[in-house]
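Each chain, letter by letter, is given below.
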There are 4 protein chains.
Amino acid sequence: MQCRSAEELQLLVNEAKKSSNKGKVADYIPALQKANKDTLSISLFYPNGSCFSAGDIKENLTLQSISKVITLAIALNDRGEEYVFNRVGQEPTGDPFNSIAKLETNKPSKPLNPMINAGALAVTHMIEGSSVDERFKRILKLIQKLSGNESISYNKEVADSEFKTADLNRSLCYFLKEHGVIDEDVEQLIDLYTRQCAIELNCLDLSRIGCVLAMDGKDPYTEEQLIPSSVARICKTFMVTCGMYNASGEFAIEVGIPAKSGVSGGILGAVPGRFGIGIYGPALDEKGNSIAGMKLLKLMSEKYSLSMF
Amino acid sequence: MQCRSAEELQLLVNEAKKSSNKGKVADYIPALQKANKDTLSISLFYPNGSCFSAGDIKENLTLQSISKVITLAIALNDRGEEYVFNRVGQEPTGDPFNSIAKLETNKPSKPLNPMINAGALAVTHMIEGSSVDERFKRILKLIQKLSGNESISYNKEVADSEFKTADLNRSLCYFLKEHGVIDEDVEQLIDLYTRQCAIELNCLDLSRIGCVLAMDGKDPYTEEQLIPSSVARICKTFMVTCGMYNASGEFAIEVGIPAKSGVSGGILGAVPGRFGIGIYGPALDEKGNSIAGMKLLKLMSEKYSLSMF
Amino acid sequence: MQCRSAEELQLLVNEAKKSSNKGKVADYIPALQKANKDTLSISLFYPNGSCFSAGDIKENLTLQSISKVITLAIALNDRGEEYVFNRVGQEPTGDPFNSIAKLETNKPSKPLNPMINAGALAVTHMIEGSSVDERFKRILKLIQKLSGNESISYNKEVADSEFKTADLNRSLCYFLKEHGVIDEDVEQLIDLYTRQCAIELNCLDLSRIGCVLAMDGKDPYTEEQLIPSSVARICKTFMVTCGMYNASGEFAIEVGIPAKSGVSGGILGAVPGRFGIGIYGPALDEKGNSIAGMKLLKLMSEKYSLSMF
Amino acid sequence: MQCRSAEELQLLVNEAKKSSNKGKVADYIPALQKANKDTLSISLFYPNGSCFSAGDIKENLTLQSISKVITLAIALNDRGEEYVFNRVGQEPTGDPFNSIAKLETNKPSKPLNPMINAGALAVTHMIEGSSVDERFKRILKLIQKLSGNESISYNKEVADSEFKTADLNRSLCYFLKEHGVIDEDVEQLIDLYTRQCAIELNCLDLSRIGCVLAMDGKDPYTEEQLIPSSVARICKTFMVTCGMYNASGEFAIEVGIPAKSGVSGGILGAVPGRFGIGIYGPALDEKGNSIAGMKLLKLMSEKYSLSMF
């Protein structure tokens, strides 16, 4: 499909891009280090199928933490709200996304929410399937359907790179296993988790996923309910309260839309009832969010009154 | 003014009330202990001036933590966003509302948000005025205008009782003073803070305040902008991300509206663009929220699709 | 060798034994659950080779955390003080022995001392050798020499049982690996660590090890310096400041000798210049120390003025 | 009395002094900032009345945290072990001396030991007397007797300066008051506490106090038991496990004697059965201990085998 380049959007991108040099590309995952720090692209996808863009929206990025929204949707579908929230909390946290301290101090041990690593690992653990391959295919399949792009796959090099350096996630997993939150083989779970993080797509794909969320889980073309509306609502709520790591509160005030970022520099956004957003800008701020992407969303929120609040 | 008793609302109240016996009335503030555990009343106030109620909506309650929303509005007005958020953060926290630990571990020391006690004390400190009396009158005045009720005052017995038992808040204040977040006399600040918490009104008043917030700060009658719309938006955002103590995330998922609770059992709610809510139910759950009030809002959110998400 | 039963000692044992029923046998390691809660035995070993005992001092127990003293001695010998203490701290902690929180909050991440699990794992990691078998043999060999008992080996059933349930230690290891404190394969390190914890001996053996420590590392018979005196001194210092988990401070006040306990119910003690102590009493208090063993040492310290302070 | 200058000691002082330039004088108490960074003096006092010194041992310093040992002795005497240790713990901590976090996380709230500020404030609270003046005189009187110097008083300028800047200690006090650990007026307690910290003496005085502790509380001249021996023993134990802030563990290994430091740069030491030590060196390391004083004690411990371990 074709997305029209929009001049007004390009002006905002040019403005936002200036902040890129204050950020830096993620360096703890070797495969991400190669990204071009100056990149900033955006795609807006509307329910009627129209689409506006600025920058090279066909450039690939990996989902990273953005995948946490998708796996949450699957787990809620597979297991139901009660099962999921008995094992993973619903509360935002002031701690960093990879923190372990609260797992020790909270009794019983329970990840605070599904958007921090501990919670996301527990959620991925809940995805049903007879093998890692099968479970991974279910994740990939949903992403293909949400984006209407069957060619989406994962970047094996990135997955392998993250698998090798995932010791902090292993530490979180064994802590969760000690406390009975997960009970599968840790290496297997890390394998599945690093693959989901390495799913590769582009801004256009992201904006189409955002559009489905904005429309409460219904594909605007086919009118197929790809995600139950109650599940879509829960996903969007977490995107507001915990979607931007521990800058979520500030983001809610300054932008005010459901959004989820990843350390690759991607941002998935959903303006309820209006349109979906896909952004790629690999220079990160110190909290791990795309620095130019955040700036761009602030400019857009002011100009187009996007805030839900 | 008159509020019509609504049969449908009364049925939901009857259902919600059943959970009261699982809660308990706040006992750490002596004056609050006298409350009747079985009370549950609600008022809904609409921009067109119509009003629906169930239960005795003229029964008085004190604002307690609900007052944090009002003082935030004044501080933002007095000092501007930049000043306020340089001193108090915008991030939700998984810690209890009266916790001090994060003030020590976060460098520089800064309360995480204006809805926890440390942040609210820092915000009250920012309210301008030449004396405690003058500053307090400014708070009271705004509440009188928002509710259209000039007879609202504060309960001196409750304020005195809280002043005497405010040692934890004093501890927070001195910690903040050590780190330069506040610089006034602590006893003076505690005096002002306990008075603001002891402001006494009823459900109807609360629902009118909620209605003004729902209408972005504009009085629906007089069309006077009582709070700048940008300030009203920030207040509502904090009500979503941190309004219900460390049950805010769960509340966002299960109810999905801006709301703020107090340990007196009051809840102030705002359904954006639609109506304001005032609830009084003094039996609290273990996180400090009105247990029957929470249940009532869940029932209403499902029945009337109130969620913003 | 023969150890004379001592009537006076037996009276103290009888008195101390009464507290056993307030304790409970460790249940998180399946193989330890079988222990008899009422057991209490003690052996005192003197440099001149005389020995006094009460209870069945030939009953076997596994070393568990007592082994941390031995591996520390080897690591200090293998690597030197500077190397060891650059990677593991020297400070006591008020946190439980298996806590992970301080690894996250302390920058750079470094276990506080070699007597908590995180520190002990880092120390075992430092023991040189070309394979787990070889490294384990070096630990075993030293224990055989210190106790003069070449028949000492390890209990494979206990080691296997602990290996299977060591998820919390795995979590600690991966956290340490993430921060570069260890760099070997975690399963391999856990294998070595659980074997060292499962080394099996009796009270008499323990008391002979204690005697060598009391004599600054020199075997009182052969006059062979089994551990350099500077290393023996460091080991005894840690036994005073951190030997009894987070009851070490209380133990220093009430007993006042270098001692190290294990969750099997064993205690290794060294009265500097005087004699070694071996105790076995599997009923534990809530901090993980032998409840009757602690009581016995208090009675002895008062009666025989054992305190160093 | 006269103290002989000792050439050998002077050589060690010269060596230790070199580290002074890596430290810095305490700056958070204005009155301490005036100290001369290069100062290093030491006095050794023996039970037979002989005395050796290096540097200007008549220069005055304030006790600061060293006073915690004296007030603990009085509280143990006034209230008994059980009363004191029901309110203040006996465990060393890895946290800084002025930390508040553990008061919140430990249930029930209880300072970990009497050498951190929270514990010392609770101990001073226990000192009996009908007024601050009377209680302070009891502290001063004991110090005069221990040092045999009736002219010792306190530095009002330092006390006033600390009283004004004691907001962190006020925060600790109110937290303790909230939890019932203390119940007196906070300003009154801070008044007493800042006076005890400002008691002014010199190295010679300190070394005589150390000598009495080394002799289990008995004045070597008059043979009067100034402190019960059981109390002296407890004080020395805390000096080993928690005397040098969160460098106590390292100090136990490298020096190995009971000692207590203060942010004025003073160190009180007691070599059991042998002699007392008084040191003054105001340049501090990052943990708050006299940097040259620590170095000097290390050199002495090696040369004269002072370690108890």
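An unreviewed UniProt entry lists chain A under the name Glutaminase, with Heyndrickxia sporothermodurans as the source organism. The heading Subunit (unreviewed entry) in the UniProt record of chain A holds the text "Homotetramer."

## Points about the packing of helix α5 (residues 117-126) of chain B against helix α8 (residues 167-178) of chain B
Residues and elements named next belong to chain B. It is at 10 Å that the axes of α5 and α8 come closest, and there the two elements cross at 65°. Judged by the angle between their axes, α5 and α8 are roughly perpendicular. The crossing of α5 and α8 is right-handed. In this structure, α5 uses N117, A118 and L121 to contact α8, whose residues at the interface are N169, L172, C173 and L176. For the contact of α5 with α8, the class distribution of residues is 5 nonpolar, 2 polar and no charged.

## Some words on the sheet that holds strand β4 (residues 51-54) of chain A
Residue and element names in this part refer to chain A. Taken together, 6 strands build an open sheet; the order of strands is β1-β4-β3-β10-β9-β8 and the sheet is mixed. Where the open sheet ends on each side, the last strands, each with one partner, are β1 (4-5) and β8 (259-261). Bridge count between strand β3 (residues 41-45) and β4: 4 bridges; the pairing is antiparallel. Following the sheet pairing, I42 is matched in β4 by A54.

## What to know about the relation of the copies chain A and chain B
For these two chains of identical sequence, chain A goes onto chain B by a turn of 180° and a shift of 0.0 Å along the axis, with RMSD 0.0 Å. In symmetry terms, the pair is related by a two-fold rotation axis. Using C-alpha coordinates, one finds that chain A approaches the rotation axis most closely at A:T93, a distance of 2.2 Å. Mapped onto chain B, 100% of the interface residues of chain A are again interface residues, and the two copies thus contact each other with one and the same surface.

## Digging into the interface of chain C and chain A
Contacts between the two partners involve 15 residues from chain C, matched on the other side by 15 residues from chain A. Summing both partners gives a buried area of about 1,300 Å² for chain C against chain A, and 59% of it is carried by carbon and sulfur. Its largest share of buried area at the contact with chain A, chain C owes to C:E104, C:D167 and C:Y174, together 39% of the area lost on that side. In this structure, the connection of chain C to chain A is made through 0 salt bridges. Connecting chain C to chain A are 8 residue pairs in polar contact (both at pLDDT 80 or more). Residue assignment for the side of chain C that touches chain A shows that the elements contributing at least two residues are α4 (101-105) and α8 (167-178) of chain C. Per-element tally for the side of chain C that touches chain A: the top contributor is α8(C), with 8 residues.

Conventions used here
Residues numbered from 1 in each chain as written. Chains lettered and ligands numbered in written order. Predicted model: local features only at pLDDT ≥ 70, side-chain atom pairs only at ≥ 80, totals over all residues. Heavy atoms only, no water. UniProt positions renumbered as here; feature names shortened; annotations may be inferred. Axes fitted to C-alpha atoms, helices over the stretch in contact; angles between N-to-C directions. Helix = DSSP H or I, 4+ residues; strand = E, 2+ residues; numbered from the N terminus. Parallel < 35°, antiparallel > 145°, perpendicular 65-115°, else oblique. Left-handed = near helix turned anticlockwise from the far one by under 90°. Contact = heavy atoms within 4.5 Å. Nonpolar A, V, L, I, M, F, W, Y, C, P; charged D, E, K, R; others polar. Pairing = 2+ DSSP bridges. Least-squares fit on C-alpha atoms with pLDDT ≥ 70 in both. Buried area = accessible area lost by both parts, 1.4 Å probe. Salt bridge = Lys/Arg side-chain N within 4 Å of Asp/Glu carboxyl O. Polar contact = N/O pair within 3.5 Å; in protein donor to acceptor, adjacent residues only side chain to side chain.

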